[in-house]
Amino acid sequence: MNDMKLGITLIAAAVALAACGEQKPAAKAEAKPAAPSALEVKIGHVGPLTGGIAHLGKDNENGARLAVEEANAARTRIDGKEVKFTFVAEDDQADPKTGTTVAQKLVDSKVAGVVGHLNSGTSIPASPIYNQAGIPVISGSATNPKLTEQGFKTQFRVVGRDDQQGPAIASYLATTKKPKLVAVIDDATAYGEGIANEVEKTLKAANIKVLPREKGTDKTTDWKAVLTKLRGRNPDAVFYGGMDATGGPLLKQGRELGIKAVFSFGDGACTDEMTKLAGPASDGLLCSQAGIPPQAADKRFLEAYKKRFNVDPILYAPFTYDAANLLIAAMQKANSADPKVYLPALQKIDFTGATGKIAFDEKGDRKDAEMTIFTMKGGKIEPIAIIKGGKTTPYAEFVKGAK
Amino acid sequence: MDTFLQQLVNGLTAGSVYAVVALGYTMVYGIIQLINFAHGEVVMIGAMVAFTVINALAPTGLSPLAVVLVGTACAIPVCMLVGYSMERLAYRPLRSAPRLAPLITAIGVSILLQHLAMLVWSRNVLAFPQIIDNTSYTLGGASITNVQLAIIAVCVALMGGLALLVYRTQLGTAMRATAQNPHVAGLMGVDVNRVIAATFVIGAALGAVAGVLYGTYYGVAQYTMGSILGLKAFSAAVLGGIGNIPGAMLGGVLLGLVEALGAGYIGDLSDLCAYGWIADLMGEQCEAGHFILFGSNYQDVFAFLVLILVLVFRPSGLLGERVGDRA
């Protein structure tokens, strides 16, 4: 009997350990000794390299790494000296606490600039640390507006903001589907509610009636009660601010109840996963993503990436590639790798990268950031339009123009 | 009216799944007065096993019905084994311990199973392959799909089968005897340990089926799905009178209905601007037309509201006075 209790305790302990075991040590940077005459400049990158979105973190890291390697290969010179760029990659595990720890670590190791972090949730708490140290940080994927609303001079991003994404999908919906009545649902999270508010604002400004907001949670699987209520009001379109795990069941159950409306989503539910979750019901959905799809990035970048890493970029790699190049370009322009000296050059930069022309506004946001509208076709999300500065361009035309 | 009928259909479907899960709680409570908090996790494991099997078989081109049946047939024995092991390893050694000890153990088993499932099936939300074609039938303005009909039918059949087992077989008689007084039942030649183990195994088998139904109905499964489902089913069992089998069935269906109607109408009922005099008081806030106090995200709250109300006003539940009939 005692043995048995001991056994159970051991199993429980093993499971507890296994659960904790996920906190793997952060990936170490490869710091090679530099040639004595060369100027050594460290560029940091932070993204989750372990956990559920590790593949996206690696994709981001690859983009920045490619830029740094190219700069080394091109024997970039600053202040008359050849520069040896060292790439310092850190893992924040998509965890806000770890994010601040690795940010401090990068600051302590005297990096000249940082690309990252991947998530808004890690970028925001890390941003004051970089700001205090005066080190420029450029995110290629954090879309929460708050990141650049804190008034930090060192914070930049090359991707669009959520409050540009909501208006983009809403205006696309309004102009192409011309709904008279729209139902807006959210999952009661900061992200879902935020994007749903922006959509509602834009729709109302376009004189489209919006039903009182319906809410679920980020764990809701049974949407039938909400959808049944909506069916009684007969909306022409439905927008859901939330993730694919809840958006999929929402769409599926909506079709089961015979709701014919167009379903639209933000980037949280703009994934191929939607087909698996909602089945054939997912065909024809509309959704938006900040930025442009990697396939629409500069061709030279796509080929170089494929050659170096033997895979295609997944999501934000073109943006982190541009972010790292921006840091290097600003250093060259200011003729110094000292953050204090090159920061003003970065603020005023005018640069053409893999994702197009980049310039920053006074907050550090990218001017005229692009948004992409996708639709689901045969189980894959396909880009159908690019929205830039309030102008909608069909995707095919945009790609032709970019090449 | 269409909307109301549709909410009833929604509630009935969800409620019948709750009822089957609630049976697992109530049977175990009836026989050893233990609230087996790990029962929700058994349901989750049923859904996960079925997911693995259905996912593997879906591309083979077998008929959808056959795939789901094979999935269920695999989930049931796995859950029975889980149910048996937890009784044998976690609860039996504590049977004569103070009542708090097995209760805490039950919570421990629940955490253990959840994390094991996380290690096996990952943290991700798993999407069931959509192999069943949904056919909708219209019923006086409400639409009901073939899957919903199947769920209701299966649940009714399971409840009927269980009632037959408990009231018409020797094992059922032994279970009822053990529930009334395990010591005397033992003296009468009933193998109490075997009967208790059987209760766990039957409850787990019902849980497995409920897991498969839930998974195929909503199309998703995740390692955490058992906790909220389990708590709702537990509330249903308490609503009906814990330990009482017909009570669990009634409680489950009622809870499903309360939830569907609650989530469907709370938004309108709590729209302060719909009430003239409050709207006057609110002034500007109502210019947009609505000021909704509680939205449909309060859906999950109803189960617990019901639980609290029952515990305050009728602790023995709706059918709870038939204590002698416990099994």
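Model, not experiment: these values are computed from the prediction.

What counts and how
Residues numbered from 1 in each chain as written. Chains lettered and ligands numbered in written order. Predicted model: local features only at pLDDT ≥ 70, side-chain atom pairs only at ≥ 80, totals over all residues. Helix = DSSP H or I, 4+ residues; strand = E, 2+ residues; numbered from the N terminus. Rg over C-alpha atoms; globule rule 2.2 N^0.38 Å. Buried ≥ 20, exposed ≤ 12 C-beta atoms within 10 Å, placed from the backbone. Contact = placed C-beta atoms within 7 Å. Axes fitted to C-alpha atoms, helices over the stretch in contact; angles between N-to-C directions. Left-handed = near helix turned anticlockwise from the far one by under 90°. Nonpolar A, V, L, I, M, F, W, Y, C, P; charged D, E, K, R; others polar. Domains from an automatic or database assignment. Core = buried A, V, L, I, M, F, W, Y, C linked by C-beta atoms within 7 Å. Pairing = 2+ DSSP bridges. pLDDT = per-residue confidence, 0-100. Expected span 1.5 Å × (residues − 1).

Overview of the overall build of chain A
In terms of regular secondary structure, chain A is built from 13 helices and 17 strands. Its C-alpha atoms give chain A a radius of gyration of 23 Å, near enough to 22 Å, the size a compact globule of 403 residues would have. In terms of its C-alpha atoms, chain A occupies a principal-axis envelope of roughly 75 × 75 × 40 Å. A total of 403 residues make up chain A; the buried ones form 54% of that total.

Some points on the overall build of chain B
Of regular secondary structure, chain B possesses twelve helices and four strands. Relative to the 2.2 N^0.38 estimate, which gives 20 Å for 327 residues, the radius of gyration of chain B is 21 Å and therefore close to what a compact globule would have. Buried positions account for 50% of the 327 residues belonging to chain B. Of the contacts formed within chain B by residues at least 6 apart in sequence, a portion of 77% connects residues at least 24 apart.

Describing the packing of helix 2 (residues 54-73) of chain A against helix 11 (residues 317-334) of chain A
All names here are of chain A. Contact pair helix 2 / helix 11: the axes reach a minimum separation of 7 Å and the direction vectors enclose 35°. Helix-helix and strand crossings are classified by hand; for helix 2 and helix 11 the assignment is right-handed. Residue-level inspection shows Asp59, Asn60, Asn62, Gly63, Ala64, Leu66, Ala67, Val68 and Ala71 of helix 2 in contact with helix 11, the latter providing Ala317, Pro318, Phe319, Thr320, Tyr321, Ala323, Ala324, Asn325 and Ile328. Classifying every residue of the contact of helix 2 with helix 11 by side-chain character gives twelve nonpolar, five polar and one charged.

Things to note about the packing of helix 2 (residues 39-57) of chain B against helix 3 (residues 64-91) of chain B
Residues and elements named next belong to chain B. Between helix 2 and helix 3, the least distance of the axes is 8 Å, while the angle of their chain directions is 145°. Considering only the axes of helix 2 and helix 3, their crossing is right-handed. Packed against helix 2, whose contacting residues are Val42, Ile45, Gly46, Val49, Ala50, Val53, Ile54 and Leu57, the element helix 3 presents Val67, Val68, Val70, Gly71, Thr72, Cys74, Ala75, Val78, Cys79, Val82 and Gly83 at the interface. Taken together, the residues that form the contact of helix 2 with helix 3 break down as 15 nonpolar, four polar and no charged.

Some details on the domain arrangement of chain A
All names here are of chain A. Entries for chain A in the domain assignment read domain 1 (39-159 + 295-366) and domain 2 (163-290 + 371-402). Summarising the inter-unit geometry, the C-alpha centres of domain 1 and domain 2 are found 31 Å apart. Listed per partner, the contact involves four residues of domain 1 and seven residues of domain 2.

A closer look at the nonpolar core
Within the largest apolar cluster, 209 residues are counted, with the highest numbers of intra-cluster contacts made by Ile43 of chain A together with Ala19 of chain B. In terms of residues, this core owes the most to one element, helix 8 (residues 192-218) of chain B, which gives 16 residues. Composition of this core by domain shows at least three residues from each of domain 1 (39-159 + 295-366) and domain 2 (163-290 + 371-402) of chain A.

Re the interface of chain A and chain B
On the chain B side, the residues contacting the 38 residues of chain A number 37 residues. Of all the secondary-structure elements, those providing two or more residues to the side of chain A that touches chain B are helix 1 (2-20), strand 9 (214-215), helix 7 (224-233), helix 8 (244-256) and helix 9 (273-278) of chain A. Taken together, the residues that form the side of chain A that touches chain B break down as 17 nonpolar, nine polar and twelve charged.

Some thoughts on the environment of alanine 19 of chain B
Residues and elements named next belong to chain B. By the secondary structure assignment, alanine 19 is in helix 1 (residues 2-32). Overall, the presence of 29 C-beta atoms within 10 Å leaves alanine 19 in the buried class. Between the C-alpha atoms of alanine 19 and serine 270, which are 251 residues apart in sequence, the distance is 29 Å. Residues in contact with alanine 19, not counting those within four places in the same chain, are Cys155, Met159, Ala236, Ala248, Met249, Gly252 and Val253.

Structural notes on the sheet that holds strand 2 (residues 77-78) of chain A
Residues and elements named next belong to chain A. With respect to topology, six strands assemble into an open sheet ordered 2-3-1-4-5-6, the strand pairing being mixed. Either end of the sheet is taken by a strand with one partner, and the two such strands are strand 2 and strand 6 (155-157). Relative to strand 6, strand 5 (residues 137-139) runs parallel, the two being bridged by three bridges. Within strand 6, the position partnered with isoleucine 138 by the bridge is phenylalanine 156. On top of the sheet, helix 2 reaches strand 1 (39-47), strand 3 (81-91) and strand 4 (113-115); it is set at about 170° to strand 3, its chief contact. Packed on one face of the sheet, helix 3 (residues 96-108) meets strand 1, strand 3 and strand 4 and runs near 160° to strand 3.

Digging into the pairing of strand 17 (residues 391-394) of chain A
Two faces make up the sheet, and in a regular strand the side chains alternate between them. Residue and element names in this part refer to chain A. One ladder, built from four bridges, connects strand 16 (residues 380-388) with strand 17; its direction is antiparallel. Within the sheet, the bridge partner assigned to alanine 385 lies in strand 17 and is proline 394. Following strand 16, the chain reverses through two residues before pairing antiparallel with strand 17; glycine 389 in that reversal takes a positive phi of roughly 55°.

With respect to the confidence of the model for chain A
Overall, the prediction assigns chain A a mean pLDDT of 87, with 90% of residues at 70 or greater. Contacts of residues 12-35 of chain A to residues separated by more than four positions or lying in other chains number 23 contacts, the stretch itself having pLDDT below 50.

Some points on the environment of arginine 75 of chain A
Note that arginine 75 of chain A resides in the loop between helix 2 and strand 2. Counting along the chain gives 16 residues from arginine 75 of chain A to aspartate 59 of chain A, while the straight-line C-alpha distance between them is 25 Å.

Describing unusual backbone geometry
All names here are of chain A. With omega at -5°, the peptide bond leading from glycine 116 into histidine 117 counts as cis. With respect to the helices and strands, the residue histidine 117 is situated in the loop between strand 4 and helix 4 (120-133). Despite not being glycine, alanine 94 has its phi angle at roughly 55°, a positive value. Mapped onto the elements, alanine 94 comes out in the loop between strand 3 and helix 3.

Topic: helix 2 of chain B
Given a rise of 1.5 Å per residue, 19 residues ought to cover 27 Å, and the 27 Å separating the end C-alpha atoms of helix 2 of chain B matches this to within 8%. With 15 of its 19 residues buried, helix 2 of chain B lies for the most part within the structure.

Regarding helix 9 (residues 225-240) of chain B
Look at helix 9 of chain B: 23 Å from first C-alpha to last across 16 residues, which is about the 22 Å you get at 1.5 Å a residue. Here helix 9 of chain B lies mainly inside the structure; 13 of its 16 residues are buried.

Looking at the pairing of strand 15 (residues 370-377) of chain A
Residues and elements named next belong to chain A. Burial of strand 15 is extensive: six of the eight residues sit out of reach of the surface. The pairing of strand 12 (residues 286-290) with strand 15 spans five bridges and is classified as antiparallel. Each residue of the ladder has a partner; that of serine 288, found in strand 15, is isoleucine 373. As paired strands, strand 15 and strand 16 are joined by eight bridges and run antiparallel to one another. Paired with phenylalanine 374 across the two strands is proline 383, which belongs to strand 16. In this structure, the hairpin formed by strand 15 and strand 16 is closed by a connection of two residues, where glycine 378 is found at a positive phi of approximately 55°.

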